Amino acid sequence: MNKELHPEYHQAKVTCMSCGNEFTVGSTEEEIKVEVCNNCHPFYSGKQRTAERGGKVERFNKKYGRK
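My aim in this report is to walk through the structure given alongside it, one point at a time. (Residues numbered from 1 in each chain as written. Predicted model: local features only at pLDDT ≥ 70, side-chain atom pairs only at ≥ 80, totals over all residues. Heavy atoms only, no water.)

## Some points on the pattern of salt bridges
Inclusion rule: Basic side-chain nitrogens of Lys or Arg form a salt bridge, by our definition, when they fall within 4 Å of a carboxyl oxygen of Asp or Glu. Only protein chains enter the accessibility calculation, which uses a 1.4 Å probe; a residue is then buried when its area is under 20% of its type maximum, exposed when over 50%, and partly exposed in between.
Applying the stated criterion to the full structure yields 1 salt bridge. Linking glutamate 22 and lysine 13 is a salt bridge whose minimum nitrogen-to-oxygen distance equals 4.0 Å. On the basis of relative accessible area, glutamate 22 is assigned to the partly exposed category, the value being 47%.

See below:
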């Protein structure tokens, strides 16, 4: 393998811009900034809203008083 061909591998510091969480990963970059991380993303933090609106038929029946 040609040594000049491959980039250097670093321990990169990842910083979340939303919540300020910091952690390290291996990367070719030295510093990475992300908008959303696993601490503040709704899916991973458990704060995700569930869709309980119902389907079109249920909304039609509710709107026009059918059971």
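## With respect to the environment of tyrosine 9
Stated formally: For the purposes of this entry, the term helix denotes a DSSP run of H or I that reaches at least four residues, the term strand denotes a run of E that reaches at least two, and both are numbered from the N terminus. Whether two residues are in contact is decided by their heavy atoms, any of which lying within 4.5 Å being enough.
Here tyrosine 9 is to be found in the segment before strand S1 (10-16). The exposure class of tyrosine 9 is exposed, given its relative accessible area of 62%. The spatial distance from the C-alpha of tyrosine 9 to the C-alpha of glycine 26 is 6.9 Å, given a sequence separation of 17 residues. Sequence-distant contacts of tyrosine 9, defined by excluding residues within four places in its chain, comprise Gly26 and Ser27.

## Side note on the packing of aromatic side chains
How we decide: Aromatic pairs are defined between Phe, Tyr and Trp rings, using the six-membered ring for Trp, whenever the two ring centres lie within 6.5 Å; interplanar angles under 30 degrees are classed as stacked, those over 60 as edge-to-face, and all others as tilted.
Enumeration according to the criterion identifies 1 aromatic pair in this entry. With a centroid separation of 4.8 Å and 50 degrees between ring planes, the pair formed by phenylalanine 60 and tyrosine 64 is classed as tilted.

## Description of the sheet that holds strand S3 (residues 31-34)
In plain terms, the rule: Strand pairing follows a simple DSSP-based rule, namely that at least 2 bridges must link the two strands. Note on geometry: axes are lines fitted to C-alpha atoms, helical ones only across the stretch in contact, with angles between N-to-C directions running from 0 to 180 degrees.
The sheet built from 3 strands is open, its strands ordered S2-S1-S3 with mixed pairing. The open sheet terminates on both sides in strands that have one partner only, identified here as strand S2 (22-27) and S3. Going across the sheet, the axis of each strand differs from the next one's by a mean of 30 degrees, ignoring polarity. With 4 bridges connecting them, S1 and S3 associate as parallel partners. The partner of cysteine 16 across the bridge, within S3, is valine 34.

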